[in-house]
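Inside the fold
Here is how the chains run, residue by residue.
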Amino acid sequence: AQSVTQPDARVTVSEGASLQLRCKYSYFGTPYLFWYVQYPRQGLQLLLKYYPGDPVVQGVNGFEAEFSKSNSSFHLRKASVHWSDWAVYFCAVSNNYAQGLTFGLGTRVSVFP
Amino acid sequence: EAAVTQSPRNKVTVTGGNVTLSCRQTNSHNYMYWYRQDTGHGLRLIHYSYGAGNLQIGDVPDGYKATRTTQEDFFLLLELASPSQTSLYFCASSDQGGRAETLYFGSGTRLTVL
């Protein structure tokens, strides 16, 4: 069965600094991968998604992610973090046809001035 | 932007109680999902549906029933609530139904079972 591991439960970063959130996946075949963000007291929103093709995917709000088949990874990056990026970030892999997504446990990002 | 509305926002019940969580999407999506979110477990799929009258079992279905009465409405039923079902519940919908589908989430229902 597919799975997603986010090794960092919490990350603290200064505003303006760069951010990288790690994601490792396990999937037999070609994965479709996603990053979602959950702002306080809200539901999840899509940041970006990966289809087979260009390994670097651009998302909203300056986020990007890079797929690596050899490392089974899909890490999320942002060059300069803003206070509004304070949120929980989830990596996910698509299940079979229309069976939803399998999510990692999430990484809580705190941004300080 | 897809709209998914959940109600109630918060619910408190007692052990053995009967609870119904509601979800409505207004974008004519065929696919709808119920997830629960718990610390240490992330989001886990309870039930899902491909359309009105269709129900599929997810990864953690025990203790839950679901019903999809229309394309818009998807309900999650807890007929004998237990404290282990205290959680944050999310409904989501999707129009694509394929592996690249984007899920649109509601704001969640926080359920406490005393």
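Everything below is about the structure printed above this text.
Residues numbered from 1 in each chain as written. Chains lettered and ligands numbered in written order. Predicted model: local features only at pLDDT ≥ 70, side-chain atom pairs only at ≥ 80, totals over all residues. Heavy atoms only, no water.

A tally of regular secondary structure across chain B gives zero helices and eleven strands. Going from the N terminus to the C terminus, chain B shows its helices and strands as β-β-β-β-β-β-β-β-β-β-β. Relative to the 2.2 N^0.38 estimate, which gives 13 Å for 114 residues, the radius of gyration of chain B is 13 Å and therefore close to what a compact globule would have. Considered along the principal axes of its C-alpha atoms, chain B spans approximately 40 × 30 × 25 Å. Counting only residues that meet the buried cut, chain B has 51% of its 114 residues in that class. Residue pairs in contact within chain B that sit at least 24 positions apart in sequence constitute 54% of those at least 6 positions apart. As displayed, chain B offers around 5,000 Å² of accessible surface, 48% of which is attributable to carbon and sulfur atoms. The distance from the centre of the 9 positive side-chain charges to the centre of the 9 negative ones in chain B is 6 Å. (Helix = DSSP H or I, 4+ residues; strand = E, 2+ residues; numbered from the N terminus. Rg over C-alpha atoms; globule rule 2.2 N^0.38 Å. Buried < 20%, exposed > 50% of the residue type's maximum accessible area, 1.4 Å probe, protein only. Contact = heavy atoms within 4.5 Å. Areas by Shrake-Rupley, 256 points an atom, 1.4 Å probe, with all protein chains shown as cover. Lys, Arg positive; Asp, Glu negative; His and termini not counted. Charge placed at Lys NZ, Arg CZ, Asp CG, Glu CD.)

With that settled, the discussion passes to the nonpolar core. Residue and element names in this part refer to chain A. In this structure, Trp35, Leu48, Phe74, Leu76 and Tyr89 are the most contacted members of the largest nonpolar core, which totals 28 residues. Only strand E2 (10–14), strand E3 (19–21), strand E5 (33–38), strand E6 (44–50), strand E8 (63–68), strand E9 (73–78), strand E10 (87–94) and strand E12 (107–112) provide two or more residues apiece to this core. By residue number, the principal contributor to this core is E10, which donates four residues. Discounting chain neighbours no more than four positions away, the residues touching Tyr89 are Gln6, Leu21, Trp35, Tyr36, Val37, Leu47, Phe63, Leu76, Gly106, Thr107 and Val109. (Core = buried A, V, L, I, M, F, W, Y, C linked by side-chain atoms within 4.5 Å.)

Here the focus is the interface of chain B and chain A. Contact residues are listed per partner, giving 25 residues for chain B and 25 residues for chain A. Linking chain B to chain A there are zero salt bridges. Where chain B packs against chain A, one counts five residue pairs in polar contact (both at pLDDT 80 or more). Those elements that provide at least two residues to the side of chain B that touches chain A are strand E4 (31–38), strand E5 (42–49) and strand E9 (87–94) of chain B. Split by residue class, the side of chain B that touches chain A holds twelve nonpolar, ten polar and three charged. (Salt bridge = Lys/Arg side-chain N within 4 Å of Asp/Glu carboxyl O. Polar contact = N/O pair within 3.5 Å; in protein donor to acceptor, adjacent residues only side chain to side chain. Nonpolar A, V, L, I, M, F, W, Y, C, P; charged D, E, K, R; others polar.)

Inspection of the secondary structure assignment puts Asn95 of chain A in the loop between E10 and strand E11 (101–103). Put simply, Asn95 of chain A and Asn61 of chain A are 34 residues apart on the chain and 26 Å apart in space, counted from C-alpha to C-alpha.

Counted under the stated rule, the structure contains eight salt bridges over all chains. The salt bridge partner of Asp85 of chain A is Lys78 of chain A, with a shortest N-O separation of 2.8 Å. Taking the relative accessible area as the measure of exposure, Asp85 of chain A reaches 3% and is therefore buried. Ionic pairing is found between Asp38 of chain B and Arg44 of chain B, a salt bridge with its closest N-O pair at 2.9 Å.

So, on to the state of the cysteines. In this structure the tally under the stated criterion is two disulfides over all chains. Between the sulfur of Cys23 of chain A and that of Cys91 of chain A lies a disulfide, 2.0 Å long from S to S. Negative torsions about the S-S bond denote left-handed disulfides, and the value of about -65 degrees found for Cys23 of chain A with Cys91 of chain A makes this one left-handed. Within this pair, whereas Cys23 of chain A is found in the loop between E3 and strand E4 (24–26), its partner Cys91 of chain A is found in strand E10, the two being separated by 68 residues in sequence. Considered together, Cys23 of chain A and Cys91 of chain A belong to a single accessibility category, that of buried residues. A disulfide bridge connects Cys23 of chain B with Cys91 of chain B, and the sulfur atoms are separated by 1.9 Å. Residues Cys23 of chain B and Cys91 of chain B share a disulfide whose torsion about the S-S bond is about -75 degrees; that sign makes it left-handed. Note that Cys23 of chain B is positioned in strand E3 (residues 19–25) and Cys91 of chain B in strand E9, a separation of 68 residues in sequence. (Disulfide = S-S within 2.5 Å.)

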